[in-house]
Amino acid sequence: MRIGLFGGTFNPVHTGHLRAALEVREAFALDEIHLIPSAIPPHKDPGGIAPARQRLAMVRAAAEDQEGFVVSDVELQRRGPSYSVDTVAEYRRSLPQDGRLFLIIGGDAFKEIHTWKSYRRLFEQVAFIVMVRPGGQPQATAAVMEEIGHCLHRHVDAGYRLQAQRPRFVHDSLQPVAVTEVTRLQISATRIRSLIAAGRSIRYLVPDTVMDYIRRQGLYR
Ligand code: ATP
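Since this is a predicted model, take the numbers as computed values, not measurements.

Draft legend 1. How the structure looks around the pairing of strand 1 (residues 2-8). Across five bridges, the pairing between strand 1 and strand 4 (residues 100-106) is parallel. In the sheet register, leucine 5 faces strand 4, and the bridge partner there is leucine 103. Read from strand 1 through helix 1 (residues 15-27) to strand 2 (residues 32-37), the crossover connection turns out right-handed.

Draft legend 2. Geometry of the sheet that holds strand 7 (residues 168-170). Ordered by their spatial adjacency, eight strands build an open sheet running 3-2-1-4-5-8-7-6, and the pairing between neighbours is mixed. Each end of this open sheet is capped by a strand with a single partner; those strands are strand 3 (69-71) and strand 6 (161-162). Taken together, the five bridges between strand 4 and strand 5 (residues 127-132) define a ladder with parallel strand orientation. Within strand 5, the residue paired with phenylalanine 102 across the bridge is alanine 127. Sheet contacts for helix 4 (residues 84-94): strand 1, strand 2 and strand 4; angle to strand 4, the most-contacted strand, approximately 160°.

Draft legend 3. Representation of the environment of arginine 191. Locating arginine 191 in the fold gives a position in helix 8 (residues 189-197). With relative accessibility at 45%, the residue arginine 191 sits in the partly exposed group.

Draft legend 4. Just the packing of aromatic side chains, in detail. Applying the stated criterion to the full structure yields five aromatic pairs. Here the aromatic rings of phenylalanine 6 and phenylalanine 10 are separated by 5.9 Å at their centres, their planes lie at 75°, and the arrangement is edge-to-face. The two residues phenylalanine 6 and phenylalanine 10 agree in class, both being buried. Ring centres of phenylalanine 110 and phenylalanine 123 lie 6.2 Å apart, and the angle between their planes is 70°; this geometry places the pair in the edge-to-face category. With phenylalanine 110 in helix 5 (residues 107-111) and phenylalanine 123 in helix 6 (residues 119-125), this residue pair connects regions lying 13 residues apart in the sequence. Relative accessible area serves as the criterion here: at 1%, phenylalanine 110 is assigned to the buried category. Taking relative accessible area as the criterion, phenylalanine 123 reaches 0% and is therefore assigned buried. Three or more aromatic residues joined by ring pairs form one cluster here, namely Phe110, Phe123, Phe128 and Tyr160.

Calculation rules
- What you see as residue numbers is a count from 1 along each chain, following the sequence as written.
- Whole-chain, interface and lining totals are the exception, using all residues; otherwise, since this is a predicted model, local features are given only for residues with pLDDT of at least 70 and side-chain atom pairs are given and counted only at 80 or more.
- Heavy atoms throughout the structure, all of them, feed into the side-chain values; hydrogens and water do not.
- A pair of strands counts as paired when DSSP detects no fewer than two bridges linking them.
- Numbering of helices and strands starts at the N terminus; helices are DSSP runs of H or I of at least 4 residues and strands are runs of E of at least 2.
- Consider the strands pointing away from the viewer: the crossover is right-handed when the path from the first strand over the helix to the second runs clockwise.
- Any two residues whose heavy atoms approach within 4.5 Å at even a single point are treated as in contact.
- Here an angle of 0 to 180 degrees is reported between the N-to-C directions of two axes, which are lines fitted to C-alpha atoms, with helices fitted over the stretch in contact.
- Relative accessibility thresholds used throughout: buried, under 20% of the residue-type maximum; exposed, over 50%; partly exposed, between the two (1.4 Å probe, protein chains only).
- Any Phe, Tyr or Trp ring, taking Trp's six-membered ring, that has another such ring centre within 6.5 Å forms a pair; planes under 30 degrees apart are called stacked, those over 60 apart edge-to-face, and the others tilted.

Here it is as structure tokens:
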């Protein structure tokens, strides 16, 4: 059982998130991708964030038709800020013996990983999948790999090394960090919120089920 953990504020969830999740699921042959809305995102300004139960409902509406997408409310069940290290620990406790966990994270967020709570422990506990934009040219990809390698050496451990022929960093005792190119649609939750506030349509940026939910609940006006 291979399970990917894809967390986010999802304020709201949009087609960019869903497409990225689907591509990662295929590329890494994951049985399930768990979409995990954060209850209280530690790194975001709380102003303008819809209540967690509404963000959860939107992720549920978005994921209902997609095989292999599972929506998790683990972070809503805890009190206080939603730290990945706690979520991973919780998943590890209930993981079957043959289970493998992968923490999916955007390349930009990965560069800030040293600001996350107990981030070193994450590298002991879970394999990473870092999503980067398609480079187009091989040099672009090489530059991204270099940046990620630099970040690992500087903030985590100098023992990480690039595996031959694969965009993956390995370590003798810590967990591997794979890098994968995913389509990054030019969609952001911030832009969606401002379109709604301006009274404009968000159709095709989010699934219709999410658009209907936002309209019915009067969110982001
Ligand atoms: P905001 O605009 O409010 O900052 P966001 O959509 O960028 O929202 P999150 O909901 O927290 O932020 O994103 C969750 C994860 O999805 C992050 O790992 C982020 O890198 C990734 N992500 C966000 N937008 C896209 C996109 N258009 N394509 C692929 N991945 C994305």
